[in-house]
Amino acid sequence: MIVFLTDFGLSGPYLGQVQAVLARHAPGVANINLFADLPPFNARVAAYLLAAYSQEFAAGTVFLCVVDPSVGSTRRPLAVQADDRWFVGPDNGMLEIVARRAQQTQRWAITYSPSRLSASFHGRDLFAPVAAQLARGLPVPGEPLPESGVFGEAWPDDLYEIVYIDHYGNSITGVRANVLEKSARLLVKGQELAYARTFSEAAAGEPFWYENANGLVEIALKEASAACEMNLKVGVPIGLAQAD
Amino acid sequence: MIVFLTDFGLSGPYLGQVQAVLARHAPGVANINLFADLPPFNARVAAYLLAAYSQEFAAGTVFLCVVDPSVGSTRRPLAVQADDRWFVGPDNGMLEIVARRAQQTQRWAITYSPSRLSASFHGRDLFAPVAAQLARGLPVPGEPLPESGVFGEAWPDDLYEIVYIDHYGNSITGVRANVLEKSARLLVKGQELAYARTFSEAAAGEPFWYENANGLVEIALKEASAACEMNLKVGVPIGLAQAD
Amino acid sequence: MIVFLTDFGLSGPYLGQVQAVLARHAPGVANINLFADLPPFNARVAAYLLAAYSQEFAAGTVFLCVVDPSVGSTRRPLAVQADDRWFVGPDNGMLEIVARRAQQTQRWAITYSPSRLSASFHGRDLFAPVAAQLARGLPVPGEPLPESGVFGEAWPDDLYEIVYIDHYGNSITGVRANVLEKSARLLVKGQELAYARTFSEAAAGEPFWYENANGLVEIALKEASAACEMNLKVGVPIGLAQAD
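How each quantity is defined
- Residues numbered from 1 in each chain as written.
- Chains lettered and ligands numbered in written order.
- Predicted model: local features only at pLDDT ≥ 70, side-chain atom pairs only at ≥ 80, totals over all residues.
- Heavy atoms only, no water.
- Least-squares fit on C-alpha atoms with pLDDT ≥ 70 in both.
- Contact = heavy atoms within 4.5 Å.
- Phe/Tyr/Trp six-rings, centres within 6.5 Å; stacked < 30°, edge-to-face > 60°.
- Buried area = accessible area lost by both parts, 1.4 Å probe.
- Salt bridge = Lys/Arg side-chain N within 4 Å of Asp/Glu carboxyl O.
- Helix = DSSP H or I, 4+ residues; strand = E, 2+ residues; numbered from the N terminus.
- Nonpolar A, V, L, I, M, F, W, Y, C, P; charged D, E, K, R; others polar.
- Disulfide = S-S within 2.5 Å.
- Buried < 20%, exposed > 50% of the residue type's maximum accessible area, 1.4 Å probe, protein only.
- Lys, Arg positive; Asp, Glu negative; His and termini not counted.
- Polar contact = N/O pair within 3.5 Å; in protein donor to acceptor, adjacent residues only side chain to side chain.
- Pairing = 2+ DSSP bridges.

A.B. asks: Honestly, the relation of the copies chain A and chain B in this entry has me stumped. Any pointers?
C.D. replies: Between the two chain copies there is a screw-like relation: a rotation about an axis and a shift along it. Mapping chain A onto chain B calls for a screw motion: a turn of 120° about the axis and a shift of 0.0 Å along it, with 0.0 Å RMSD after fitting. Taken together, the rotation angle and the small translation identify this as a three-fold axis. Considering only C-alpha atoms, the residue of chain A closest to the rotation axis is A:Leu10, which sits at 4.5 Å. Little of the interface of chain A is mirrored in chain B, where only 4% of its interface residues again form contacts.

Next comes the structure, spelled out in C-alpha cells:
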C-alpha cells in the first residue's frame, strides 16, 4: 500500500497526477490519500502528523511525503526505512520525527534520475516513481546516508502547538496524549481545558481536550467548532496549567 | 462494492483512514466515497439522502453510513439488510428511511469487538471492518433485532426541507419528485417556484424546481447559485403554494 | 486508464456516482479524478487545461470530459480520438483544443442510448458508460463526423487569460510557455512580471511567471498566494509588456 501525505490540497490536478503515476508504476497496489491538505509549506507540523498517523499502517507500507516548498533547489530527496515502513520525501525534516521514534532506521539519498523532471513538481516526477518502486519490493535507488546531521534534529519530541484543524474545527496538537496525565489542564489562548474521554461525555459549549483516535492531544467542542469558538489556527501554542 | 457516506468532510485523514481499512479487510473490492460531506451531526437529513442515492447501486452493495455524533456513548452499531443491499452504521435513524421503503428488511445489532476500538472513530475501527466482512459475503457479526421500536420511526416519509446544497448552489430537498404534480409550485423563503424539466429549459435568473437525477425535488438557478441568491441552507423548510 | 475532468466539484455525490459507473462498466481499469473543480460552466477554459494536462498520459487513455451546462438540450455527445488518446464529452468546444493540436483526429457523434437517461446528469448516465466501453477496447457507439464546423473552431491557439487558480493561489494561464521568450514580461492587472525558473529562485514578495509542470505559463508568489495578493480570478486577461 502507498499512502500519500501532502499540502497540494484537494482541488486541482495534483493529487490525480500523482495517483496516475502510482497506478502506472505500481499497478494493482492500493494507494490512499491520507492527508491532502497538510498546512502549506510547513514540513515541521507535517513531521508530527506523519509520526502519529503512520503507526496504524501495516509493515511494508510506503509513505509518499510531499510538503516541499524548496522544490527545485538543492535540497536532497530522501528515502527512510523506519522499522518496517518506508518513507519517501524531501530532506526538510518531514521524515525525522517518525525516524526518531523508530527502533531502527536507515536513510538513503535518492539518486534516481527520471527522464522528465519538472522544476516544480518532484512529487509527480521523482518521489512518486520511487515510492512505487519501493512498494513493488525493488531496492532503493539511492546511496546510504549517516544517521546524524539530519534536518529537524533539534525539533522537540512533542510539539506543543496546533498542527491541524479538521473539518469539524477539532484542533489536533503535536503532543502525544500518553505524555500527559488525564488530570492535566491545557492552557490555550488563556483558557484552561480539562480532559474528557469522548465527545458524548463532554459538556455542551465547553471546550475540552481528549486523546484522539491516533493518540494525539486534540482540542474539541461537542457538536461545534473549537477552532471557530476559540480562534485557533495552526501554530497556536499549547501550555499546561499549573496543578493547584 | 462498498459505498461510503459520512459527514467526516473531504479534508483531513479520515476518509483515507477508512479507505485503508477497507482495502486491507476487503482487498479487490471497489470502494467509493459517495457523500463525504453530509451536513455535520445530522443523521436525519442523511437518512433521506441515503434512501434516494442508494437506489442506483447493484444488489449486494454495502453502504457504510457514518454520521455518528454520539460515538463513544451507548448507541448501538447496526447492520440492516434492505431488499438486496446492506447498510452498516449507528442506531440513530440514518438507516431507517431506506429500511422503511424496502420490501423486506432485517436488522442486527453488531456484536463485533475489534482489537482496537478508539472512543471517537468507530467509522474506522468498527463500522468499516464490518462493512468489509459483509462485502466479502461473510455473515453479519451480530444479533437479530425486532423490526419495531427503531430510532427515527416517527420521521415523515418525505422531508420538506433542504437536506443538501451542492457545489453549484443547487439545493436538494428530502421530497421525492414523484409525490408532486409537475404543476405544483414550491414555496421557499416566501418565493413561489415553478417546475422545469431541465436547466436548459429554465429561464435565466429565475429559480425553479426540477426532479434531480436521483428522483428528489431540487431547487436550482440556471448557471448560478440558487443557495446564494435565495439564502438557502440545510434545514430551510419547503412548502407547497395553494393552487389558484 | 480513465481520467475524469469536470466542474462537478469535490463535494457531494457526483464524483462518486461517476466512479461507481466506471467501476461497474470497466472493472479493473484504473480511474483517476484529474480535475474535479474546473471553473463552473466554462467549457472554453476547460479546453485549454485539457489540452495541456492530457499530454502526460499514456496512449490508450480515455478522458471523460464533463463541463456540460447545456445538458438536457440538443447539444451532441461526442467522442474524439486525438492521436492515440480518447476524449468523451459534450459538443461545446471542450474537446477542440486538444483535437486541434493533434496530428490525427477522428470525431464521432455518440448514438449510445442508455436504459436510464436523466435530464441533468449525462456524465453519469451517458458519458461514463461510453468512456468505460472505450477503455475496454470496444468500438465507439456512434457515427463518424466531419472534421470541420466544430464548436470552438474560432478560439485562439493560446488563451491569454487566467484559466485556473490552485490551492496555493498559483494562477494558471491558457498560454503555452514555449510560445514566449524567457525574457518576456507579463502584464497582469497593470503589474509587470518577470520570469523565474522555479519558486526557490524567485524573490519573496515579488510575483513572477514560470513554466509550470505541464508547460503552461503560471503566475505565482513564493510561499504566498498570487491570486490573493493580485486579486486574480479565472478570466483575468494576460498581456505582454513592450520590450524596452
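A.B. asks: Would you take a moment to explain the packing of aromatic side chains for this structure?
C.D. replies: Aromatic rings in a pair are described by how distant their centres are and how their planes are angled relative to each other. Residues and elements named next belong to chain A. Considering all chains together, one arrives at 45 aromatic pairs over all chains under this definition. Their ring planes at 85° and their centres at 6.2 Å tell us that Phe151 and Trp155 sit as a pair that is edge-to-face. By way of ring pairs, the aromatic residues Phe4, Phe8, Tyr14 and Phe121 are connected into one cluster.

A.B. asks: Can you walk me through the relation of the copies chain C and chain A in this structure?
C.D. replies: The operation relating chain C to chain A is a screw motion whose rotation component is 120°, with 0.0 Å of axial translation and a residual RMSD of 0.0 Å. Each copy contacts the other with its own distinct surface, as only 4% of the interface residues of chain C are interface residues in chain A too.

A.B. asks: Quick question: what am I supposed to make of the interface of chain A and chain B here?
C.D. replies: Many authors give the size of an interface as the accessible area that is lost as the parts come together. Each partner contributes residues to the interface: chain A has 27 residues there, and chain B has 27 residues. Buried area between chain A and chain B, both sides added, is near 2,200 Å², and the carbon and sulfur share of it is 58%. On the chain A side of the interface with chain B, the three residues burying the most area are A:Glu56, A:His167 and A:Tyr168, jointly 28% of the side's total. Put simply, chain A and chain B have two salt bridges between them. The residue B:Arg116 makes a salt bridge to A:Glu56 at a minimum N-O spacing of 3.9 Å. Here the side of chain A that touches chain B takes four residues from strand β2 (residues 31-35) of chain A, the largest share from any one element. For the side of chain A that touches chain B, the per-class residue count stands at 16 nonpolar, five polar and six charged.

A.B. asks: I would appreciate a short explanation of the state of the cysteines in the present structure.
C.D. replies: As used here, a disulfide is simply a covalent bond connecting the sulfur atoms of two cysteines. Scanning the model with the defined rule gives zero disulfides over all chains in all. For the unlinked cysteine B:Cys228, the closest cysteine sulfur is that of C:Cys228, found at 18 Å. On the accessibility criterion, B:Cys228 (64% relative accessible area) is exposed.

A.B. asks: Help me out: how do you make sense of the interface of chain C and chain A in this one?
C.D. replies: In this complex, chain C contributes 27 residues to the contact, which on the side of chain A involves 27 residues. Taken together, both faces of the contact between chain C and chain A bury some 2,200 Å²; the carbon and sulfur share is 58%. On the chain C side of the interface with chain A, the three residues burying the most area are C:Glu56, C:His167 and C:Tyr168, jointly 28% of the side's total. As a salt-bridge pair, C:Glu56 and A:Arg124 come within 2.8 Å of each other at their nearest N and O atoms. With four residues, strand β2 (residues 31-35) of chain C is the single largest residue contributor to the side of chain C that touches chain A. For the side of chain C that touches chain A, the residue count by class is 16 nonpolar, five polar and six charged.

A.B. asks: Sorry, what's going on with the pattern of salt bridges here?
C.D. replies: If you walk through the whole model with that rule in mind, you get 42 salt bridges over all chains. The salt bridge partner of A:Glu201 is A:Arg197, with a shortest N-O separation of 3.1 Å. A salt bridge links C:Asp158 to C:Arg176, with the nearest nitrogen and oxygen atoms 2.8 Å apart. On the criterion of sequence distance, the pair formed by C:Asp158 in the loop between β7 (142-145) and β8 (159-165) and C:Arg176 in strand β9 (residues 171-176) is long-range, its members being 18 residues apart. Look at C:Arg176 and you get partly exposed, because its relative accessible area is 24%. Salt bridges sharing partners connect three or more residues here, namely A:Glu56, B:Arg116, B:Arg124 and B:Asp125.

A.B. asks: What is the right way to look at the side chain of A:Asp166 in this model?
C.D. replies: Mapped onto the fold, A:Asp166 is located in the loop between β8 (159-165) and β9 (171-176). Notably, A:Asp166 is buried but unbridged: the nearest opposite-charge side chain belongs to B:Arg124, and the N-O separation is 12 Å. Of the polar contacts made by the side chain of A:Asp166, one reaches the side chain of B:Tyr14; its length is 2.6 Å. Ignoring any residue separated from it by four or fewer positions in sequence, one finds A:Asp166 in contact with A:Glu218 and B:Tyr14.

A.B. asks: Got a minute to help me understand the pairing of strand β4 (residues 77-82) of chain C in this structure?
C.D. replies: Every other side chain in a regular strand lies on the same face of the sheet, so the side chains alternate between the two faces. Residue and element names in this part refer to chain C. For β4, the buried fraction is high: five of the six residues fall into the buried class. In this sheet, strand β5 (residues 85-90) lies alongside β4 in antiparallel orientation, the contact comprising six bridges. Bridging across to β5, Val80 finds its partner in Phe87. Between β4 and β5, which pair antiparallel and follow one another directly, the connecting turn spans two residues, one of which, Asp83, has a positive phi of 50°. Summarising the sheet, β4 and strand β6 (residues 105-110) pair through five bridges and their orientation is antiparallel.

A.B. asks: Any chance you could explain the environment of B:Ser225 here in plain terms?
C.D. replies: All names here are of chain B. Structurally, Ser225 can be placed in the loop between β13 (216-220) and α5 (226-230). Owing to a relative accessible area of 18%, Ser225 belongs among the buried residues under this scheme. When the C-alpha positions of Ser225 and His167 are compared, they lie 8.7 Å apart, and in sequence the two are 58 residues distant. Contact partners of Ser225, with chain neighbours within four places excluded, come to Tyr168 and Gly169. Among the polar contacts made by the side chain of Ser225, one reaches the main-chain amide nitrogen of Cys228 at a distance of 3.0 Å.

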